[in-house]
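Take a look at the letters that make up each chain.
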Amino acid sequence: MHKLLAANPGQKMLLLGNEAIARGAIESGVAVATTYPGTPSSEISLNFFQISQESDLYFEYSTNEKVALEVAAAAANSGVRSMCVMKHVGMNVAADALMTLAYLGVKGGLVILTADDPFMFSSQNEQDNRYYSKLAGLPMLEPSSAQEAKDMVAFAFDLSEKLQQPVIYRTTTRINHSTEVVVLGDIQTPITQGDFIKDPFNYVTVPAVSRNLHVKLLEKLETAETISETSEYNFFSGDGPWGIVCNGVSYNYVSDAVKDLDIAHKVKIFRVGFSHPMPRVLIKDFLKECEKVLVVEEGEPFMEETIKAFAQEEGLTLPINGKRNDLFSRLYEYNPALVRQCLATYFDVTCKPAAGVNLSDVPEIPQRPPSLCAGCSHRATFYAVNKATEGMETICPTDIGCYTLGFMPPLSAGDFLICMGASVGTSCGFSKVTDKKVISFIGDSTFFHSGIPGLINAVFNNHNFTLVILDNGITAMTGHQHHPGVDMKALSMEGYAHVSIEEIVKAVGVPHVSVIRPYRVKKSIESIKEALNFKGVSVVISKEGCTLFAKALKKPRGRSFFVSEKCKDHRDCINELACPAFFIEDNRVKIDPALCSGCTVCAQICPEHAILPLKDDA
Amino acid sequence: MNPTRLIIVAVGGQGNLLASKVIGESALLADVPVRMSEIHGMAQRGGVVESSIVFGTARSTIISDGEADVLVGFEPSETLRALNKCNSNTVVITNLAPLPPFTVAVGSGIYPDLDVLQSLIKAKTANLIALDAEALAIEAGNVLSVNMVLLGALIQTGKIPLSSETVKEAIKTKTKKAFVELNLKAFELGFSAASQLG
Ligand code: SF4
Ligand code: SF4
């Protein structure tokens, strides 16, 4: 049985924040869960997926976050408890649905989880999604620990049903990826079957209906504020004259810093966990008892601005600060020492600086950037594209997935990246206004997510570029989740259909479509050249499974290769392909047989034919 | 209980997440407060994996520069890279078997000399325990048990509030059945190697 289902109430378990959240949802009787995978939220859905295999939970990897939210919104409006999980930028995709869903509200509880990523450990930006709660007028909760992350999910479902509104549940990477001991609660049996009662004058958002619904939304927001005033998740501690307002992980750093600086008797801490709407009365009362207030929050001055506005309403003039050149930044994530230092600066107490070591005589350590796996099919495709475009001036818009790593030298395949699906749309723009050859890259999952509308646009408006679809049959980057193009039968999973990328591309009218097998280097280069010569939209589908996934499935792999005596040390293999299975020993190129997946690409490109399969593959 | 702060750095695939898990489960068994955090984005694509483990009453799950009490490095150049987490009282345990990053193969970086690396760490920290964990792992029966060898060495130092018995109990209950014997052996080898060095 899944460990999150097997564990008993009252039991203590060591849980990752994301596991705690999944358990919280199970304890709350969640019946429908949807997502598009994205770090740092991925383990939540991974657990949902596993649990759905052995329980009544309906879970799906939807094609994108907007669809995921729509599925969940309908389930919730049929009275079924639902949860929709995404990374922060996914919320931008879902926002169209979100903004008007806020007008409609829900019947059964709906919790929308956004996992923000300060410092961008695995994201293209570090936007602060707390503003979505303001923009949509929805209540928002933010946990500070794994235990709270679990408990708050139950509160979120209750709150959602009480207000008949979706609730935004916001985490940051350090909540998702911290592990703590969590005490478990009871599991509620989910109600999986609902009903939708027709009520078009409250559900069909034509202008006349929406005008009324907006009034209701504001009323619900007012009710939410009164709940925020009494919520156990907004709490104080201490009674000194210096005020600190904090949320999420910042609360942990503040708690530790206050102890380290020995100022507990001088400060009052207000931890905000129900952070939209902010508890106006509580905060005002808090301000009245403080000489000065420091707001500690990663990201934007979301609370700081609100608190300053509250002070203005009360005519309070005490100093309130947070983001300031000598205090906190809007950049990156915080850490205990940084918060300690800022507290010391603001409240003018001494703080002994961190006792680091002198690093001036440490030699430069070679970088260890992540790279495409040994034998990754993307490397083979990029190599073929580089050969096919030799001597051409190109622009290569790329997209989001493992293959983004192809932008690094020596492959250098990738010039422009904004967001999911943008490779296709931006190709239209680049090809219109420049004379360069535009050749762009998108993965299979990303193509389904948001590449298709761009491609239709390209066909309709008769743009001129080549799109390479890197189809490795899985969503590799986030940990091998399935998508509509995955052959689910091959994974022994029942109840799914299969959507063919090739058929979609042909059906939308792309005039030049070819399919290549990237491990066949010569043929691939020829096909890509042909596609490049075509005037108009051409699509090359490069089909080869993800090597890492094949390994995980314990599929038989090819023989490992080795570099024979014939090697004349041109090093084309290293300089143009750079498979991480290569290494240099005694100034000779060698291949690590444990890493080599036997893709054969290096053997095909070696001008001396010096790279050969090992006879007896261990 | 005053906080003890432990950082573990490794290269993706070296199994440091399992080591952290065993440490966390041991703490749970022994009723020692523990909080951990890890950055494992892209770990499987050969990047660096860093875990921080905080024992005691602190609430934070991450460790600022200069504030680690113990640093365990699964790969020598990564140990050196993490020196920014250390101070003059830090105890450092490192594997000596290098896994040069690909940047070395393509000539955009030079792998540090192991002797220089050790004397640098020694000079800047309280104690360095350096061992060839890979050789010991192979001796235990599987090169993949480097994580358990280093865990053994870590526990031997007595720098974290966990006993050898508790950790062995966690290895028995929380690692895969088929590997328990091997893991215990690797743990013991690391433990005794560290006691000879210490
Ligand atoms: S996980 Fe798959 S797609 Fe990603 S780099 Fe590795 S082989 Fe390539
Ligand atoms: S065959 Fe060559 S390119 Fe392919 S994985 Fe092995 S070493 Fe790398």
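What you see is a predicted model; the values in this text were computed from it and never measured.

## Description of the overall build of chain B
- Within chain B one finds 8 helices and 6 strands.
- Walking chain B from its N terminus toward its C terminus, one meets helices and strands in the order β-α-β-β-β-α-β-α-α-β-α-α-α-α.
- At 16 Å, chain B has a C-alpha radius of gyration in line with the 16 Å of a compact globule built from 198 residues.
- By principal-axis analysis of the C-alpha atoms, chain B measures approximately 50 × 35 × 35 Å.
- Across the 198 residues that make up chain B, the buried fraction comes to 61%.
- Summarising the internal contacts of chain B: among those between residues at least 6 apart in sequence, 64% fall at separations of at least 24.

## Notes on the site of ligand 1
- Neighbouring ligand 1 are the residues L372, C373, C376, H378, C402, N472, A476, H480, C546, T547 and L548 of chain A together with R45 of chain B.
- The environment of ligand 1 is shared, with nearby residues belonging to chains A and B.
- Taken together, the residues that form the shell around ligand 1 break down as 7 nonpolar, 4 polar and 1 charged.

## Digging into helix α5 (residues 133-140) of chain B
All names here are of chain B.
- When α5 is considered as a whole, its buried residues turn out to be A133, L136, A137 and A140. All buried residues of α5 fall inside an arc of 105 degrees around its axis, so they share one side. In α5, those exposed residues whose orientation departs by more than 90 degrees from the buried face are I138 and E139.
- Those residues of α5 that are buried are in contact with β5 (91-95), β6 (127-131), α6 (146-157) and α8 (180-197).
- Two to three positions downstream of the cap, the backbone nitrogen of E134 sits 3.1 Å from a side-chain oxygen, assigning the N-cap of α5 to D132.
- Just past α5, the residue G141 takes up positive phi, approximately 125 degrees.

## A few points about the side chain of H88 of chain A
All names here are of chain A.
- Tracing the backbone shows H88 in helix α5 (residues 88-104).
- The exposure class assigned to H88 is buried, which follows from its relative accessible area of 0%.
- Aside from chain neighbours lying at most four places away, what touches H88 is T114, A115, D116, D117, S123, N125, E126, Q127 and N129.

## So, the domain arrangement of chain A
- Looking at the assigned domains, one finds that chain A contains domain 1 (3-229), domain 2 (235-347), domain 3 (377-552) and domain 4 (561-613).
- The straight-line distance from the C-alpha centre of domain 2 of chain A to that of domain 3 of chain A is 48 Å.

## So, the sheet that holds strand β1 (residues 4-11) of chain B
- On the basis of which strands lie adjacent, the open sheet formed by 8 strands has the order β1(A)-β8(A)-β2(B)-β3(B)-β1(B)-β4(B)-β5(B)-β6(B) and mixed pairing. Either end of the sheet is taken by a strand with one partner, and the two such strands are β1 (12-16) of chain A together with β6 of chain B. With direction set aside, neighbouring strand axes in the sheet form an average angle of 20 degrees.
- Of the pairings in the sheet, the one linking β1 of chain B to strand β4 (residues 70-73) of chain B comprises 4 bridges and is parallel in character. Bridge assignment links I7 of chain B to a residue of β4 of chain B, and that residue is L71 of chain B.

## Observations concerning the pairing of β1 of chain B
- Extensive coverage of β1 of chain B is indicated by the burial of 8 of its 8 residues.
- Here β1 of chain B shows two buried faces, one formed by T4, L6, I8 and A10 of chain B and the other by R5, I7, V9 and V11 of chain B.

Reading the values: the criteria
Residues numbered from 1 in each chain as written. Chains lettered and ligands numbered in written order. Predicted model: local features only at pLDDT ≥ 70, side-chain atom pairs only at ≥ 80, totals over all residues. Heavy atoms only, no water. Helix = DSSP H or I, 4+ residues; strand = E, 2+ residues; numbered from the N terminus. Rg over C-alpha atoms; globule rule 2.2 N^0.38 Å. Buried < 20%, exposed > 50% of the residue type's maximum accessible area, 1.4 Å probe, protein only. Contact = heavy atoms within 4.5 Å. Near = heavy atom within 4 Å. Nonpolar A, V, L, I, M, F, W, Y, C, P; charged D, E, K, R; others polar. Arc of directions from axis to C-beta. Polar contact = N/O pair within 3.5 Å; in protein donor to acceptor, adjacent residues only side chain to side chain. Domains from an automatic or database assignment. Pairing = 2+ DSSP bridges. Axes fitted to C-alpha atoms, helices over the stretch in contact; angles between N-to-C directions.

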